Amino acid sequence: MKRFNIPLCTTLMLGVSTFALHAEPKTNMLHQWAQGSEAEAIAVLGETFEAQGGTWSQTAMSGHTSATLAKLRSDVVSGNAPAAVQLKGPEISEWTATGRTANLDDLATAEGWDDVVAPELLSVMKPEGNWVAAPMNIHRVNWLYSSKKMLDDMGIEVPKTWADFNAACDAIKEAGKTCIAHGAADWSDTTTFDSVVYGMDIDLYRRAFQEADVDAMRSQGMIDAFAQLRKMVGYMDEGINGRSWEQSMAMTMDGDAAFFLMGDWTVASANLAGYEEGVDYLCNQTPVDWGGTGYILNADSVVFFEQSDPDYIEGQELLAKIIMSPEFQVTFNVAKGSIPSRTDVDLSVGGFTDCQQQSQADLVAAVDEGTLVRSMAHNMTVLQKYRGAMMEVITEFVADDSITPEEAANQLADAVELQS
Amino acid sequence: MSLPASSGGLGRWLGDHIAQIVLIPTLLASFAYVVLFSVWTFWLSVSTSTMLPDPTFSGFGEYAALWQSKRWTVSFSNLFVFGTFYVIGAMVVGTLLAILIDQRVKFEAVWRTIFLYPLAISFIVTGTVWRWIFHPQTGVELALHDMGWISAQFDWITDRDLALYVVVITAIWHASGFAMALILAGLRSVDGDIVKAAQIDGASVPRTYARVILPTIWPIFLAVAVVLLQFAIKTYDLVVALTQGGPGVATTVPAIVVFDLMFERGQIAQGSAAAVMILVALGIVLIPYALYMRWRKRQEGGDHG
Amino acid sequence: MAETTHADFDALSTGSLRRRITAKAIVYALLTVFALFYLMPIVIILANTLRPLDDIVRTGFIAWPADPSLSHWAEAWSTFCIGGTCEGVSRYFKNSLAMAIPATIISTMLGLINGYILSKWRFRGADLLFGLITLGVFLPPQMTLLPWAWVLGNVGLSNTISGLILVHVVQGVSFTTLFCRNYFLAIPDDLIKAARIDGAGFWRIFRRIVLPLSPPIVIVAVIWQFTGIWNEFLFGTIFTSGDKQPITAAIVAFSGSGTGERHYNVEAAAVIMAALPPLFIYLVGGKYFVRGLTSGAVK
């Protein structure tokens, strides 16, 4: 054994020193896309990272945001902040305020991110003026999926306003069928409510859901919105509790329900499950009463935390570069149903569906019309504590018939006031 | 100990204190775990902590905010309702099963294993499977419909007044085998003469159990209750997998609120306040128990400590 | 123990033959009803591992497999994609073994020693210490998550299986000490005294007298610890990352609301795999579990 020691030592030392000279990009990305098309999209990210000389590892936390955040918080407390984390909206600014995030300004300048990233994402990715995150996509939350079969059978047009929508549902209910497919959960109930408030009164949406203005929450407009939500619960079937959103999606696309309100990740899932756009389902914006293009935006992004190991710092740069590359934005978003966060990507090539192309066109239109908002339900506007408190009230309202719209509006305001 | 040790000096000292010395590592760990972690949590609950722990003192405001939140008050009362029904229910079912098995049944080991196996199944899996069974569109109701009974209705899990009892039933399924195992073991240790005496007096079988056998093994019930209680307090995975706390907040339990506040919402101070309240609830139950045990020991004269 | 005295008593052996038969029939009928209720979940999981996905989606979970296939088992074990890695649950399974076995052994051994001291080498304050250690049984794990993260970070065990073992040992010692201490109380003090008069020391008494009497309680502690650690998911998911996660993390990943359809049949097979080790331990040790509990935890 002994005689091997010296050469072994030398090799090791040589190995170590070459190692230190050329930092080898490494990363460990924490995210919540554990399975399905999203996991496949992340796998593409990993493959690209490895192909460009990096060492990739990932921790997938299975779609429960609280578990991802718990992991992040415990890693930060233990002094091992992860190199890259999927985080969004106000969380980016909250974590930036703790002073633990990395500064990507040099890379951003070199790559010219400021010129190509959709302007509405800039303030989210640069909460204190420095780039701390790389946006992966833009999701549209206010999609209304309709069952083509059901609409044809009933002779109903896709509703444009909430009044149309209610009329359509009344007719469908009359015929003994389910109008809205829904799986109750705090986030999905709130997704629906996002579209309701926004479609009924865009100013109310901005004041209540973007600025957390409690007076707006107590207003007559909010009471009307809750009344509309109550009506919609009546258009749902009995089985909403414990049903997943994928099951609701399938209900609509199989023609067992007329409508499904959900973000554009549905497009990816539906197409993966073999449903066809225009044949099994139609995609339109959720009803708006103010006659324009509506767009509720949600975006996924990767936030980079400060590292001391040069390998991981190198890895962060490489990862950010790949995420922002047009090639990755295409592959990732085709798989995820969303659209690229870069404005300079042509969606007519590369396999984007009609619904996705519609999403991009509507985004541009909504920016022009000044109607673009970010999603409260999907954690793009107010702090988590306000959002969590609001979601509790909304999901309770959906679950409990005995709560009146007036009570709900007051509870919403009370819950938010309690947290400030 | 009062017995003389064999050698003198350091060796003698070591010999005398070996027990304490060996205990030290575990003790330090347990002390840190139980005391320091609790104190740390209490301190955070009165601090300004939000995203990350921050020791700056802020006051008891988070407790006030916590108690004004509907989700918390619902979850706290759920803990007492769930805990009571679960502990009593599991013990009643466990007792019944133990008595049945005690009737010199054939294949005793098979029966025992059937009732005990749920304890080996994780709460996550237990919750998931029972959700499949209870949900009207995947479980019993659908199966009954498929069999032709169209009007069959079995939708407790979607009913906000009944959903908590779905959690109770599922939890009883999980733990009653444990209660059975202990109680059965207790039944087997009862002195046959007492029972015979009761039989000669003409007591019926149920009466013999109720009046003679079960009262003699009451310490077992107490032990079972304590173990079940710690399951009840920690209940988290089961509810997450079974109902996600819904419909609405109807089946939320305190552990879920603690987790969400601390981790999802970045309100570490308020989440810590909620954790402290769980400890207080625990104290409400455990302190009388500890006092009772101490009193009982005094009654016995402390002869075997 | 007292089993023999009790065996003389057969509650249903009295009365007329007819009454006895009726009584037996009622006993077996009740047991059967209960057994069906207890077995239902596992039968449902097993049946669903064999069914094609579209059949499950159409007719729900409660239906007999019409066209059974074992392919989902292989898929769940070695090829299904979880968290972007298509290796099934096999590697998570190995991680869980690497965590649960050492954690069980260490916490059981420490529990034996603690129990021995707290019952046979009592000193001033021993009861208080015992109370303190057992309080650990009740701490809600959500509360201990952040302090544990801090501790693991400072001892350099973040995101390692060793870190998880440390957490489970410290928490598990509360249980094992409780079990063992109560069990050892039943060993007559005279036995220990006699050994000491013969010159036996602390460890010698432990090895020669206490350990040989311990198997029942060791079985209880091992079953309890192994099951608890194997099935724990909160620490398992939060304190590990990447390829070191335990099997419960994989099971939770199945149930997460990702996009794409849920593969219920593969999920069911994975669930069975995740349940096998603790089930195996219960099947093998179940008999001793009851015996050990009688003499141990019950005091």
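These numbers were taken from a predicted model, which means no experiment stands behind them.

Rules used in this analysis
Residues numbered from 1 in each chain as written. Chains lettered and ligands numbered in written order. Predicted model: local features only at pLDDT ≥ 70, side-chain atom pairs only at ≥ 80, totals over all residues. Helix = DSSP H or I, 4+ residues; strand = E, 2+ residues; numbered from the N terminus. Contact = placed C-beta atoms within 7 Å. Pairing = 2+ DSSP bridges. Axes fitted to C-alpha atoms, helices over the stretch in contact; angles between N-to-C directions. Nonpolar A, V, L, I, M, F, W, Y, C, P; charged D, E, K, R; others polar. Domains from an automatic or database assignment.

Draft legend 1. Main features of the environment of leucine 66 of chain B. Here leucine 66 of chain B shows up in helix α2 (residues 61-67). Non-local contacts of leucine 66 of chain B, meaning those with residues more than four positions away in its chain, are made with Trp72, Gln270, Ala273 and Ala274 of chain B.

Draft legend 2. Just unusual backbone geometry, in detail. The backbone of alanine 212 of chain A sits at a positive phi, close to 50 degrees, despite the residue not being glycine. Residue placement: alanine 212 of chain A occurs in the loop between α11 (202-210) and α12 (214-218). For phenylalanine 107 of chain B, which is not a glycine, the phi torsion comes out positive at approximately 55 degrees. One can find phenylalanine 107 of chain B in the loop between α3 (70-101) and α4 (108-116).

Draft legend 3. Structural detail: the sheet that holds strand β9 (residues 281-285) of chain A. Residue and element names in this part refer to chain A. Pairing is mixed across the open sheet formed by four strands, whose spatial order is β7-β8-β6-β9. Whereas interior strands pair on both sides, the edge strands pair on one side only; in this sheet they are β7 (178-180) and β9. Put simply, the sheet's adjacent strands are angled 20 degrees from each other on average, direction ignored. The pairing of β7 with strand β8 (residues 257-262) spans two bridges and is classified as parallel. Within the sheet, the bridge partner assigned to isoleucine 180 lies in β8 and is phenylalanine 259.

Draft legend 4. Structural context of the interface of chain C and chain B. On the chain B side, the residues contacting the 82 residues of chain C number 85 residues. By residue number, the principal contributor to the side of chain C that touches chain B is helix α14 (residues 264-295) of chain C, which donates 14 residues. Here the residues of the side of chain C that touches chain B sort into 55 nonpolar, 18 polar and nine charged.

Draft legend 5. Structural view of the domain arrangement of chain C. Residues and elements named next belong to chain C. When its domains are assigned, chain C resolves into domain 1 (3-71) and domain 2 (90-295). Summarising the inter-unit geometry, the C-alpha centres of domain 1 and domain 2 are found 31 Å apart. The partner domain 2 presents seven residues to the seven residues of domain 1 that form the contact. The leading source of residues in the side of domain 1 that touches domain 2 is helix α2 (residues 17-49), at four residues.

Draft legend 6. View of the domain arrangement of chain A. Residue and element names in this part refer to chain A. For chain A, the domain assignment lists domain 1 (2-137 + 299-345) and domain 2 (140-297 + 356-419). Taking the mean C-alpha position of each, domain 1 and domain 2 sit 32 Å from one another. Sort the elements by how many residues they give to the side of domain 1 that touches domain 2 and helix α4 (residues 89-97) lands first, with four residues. Of the residues that constitute the side of domain 1 that touches domain 2, the class distribution is four nonpolar, five polar and five charged.

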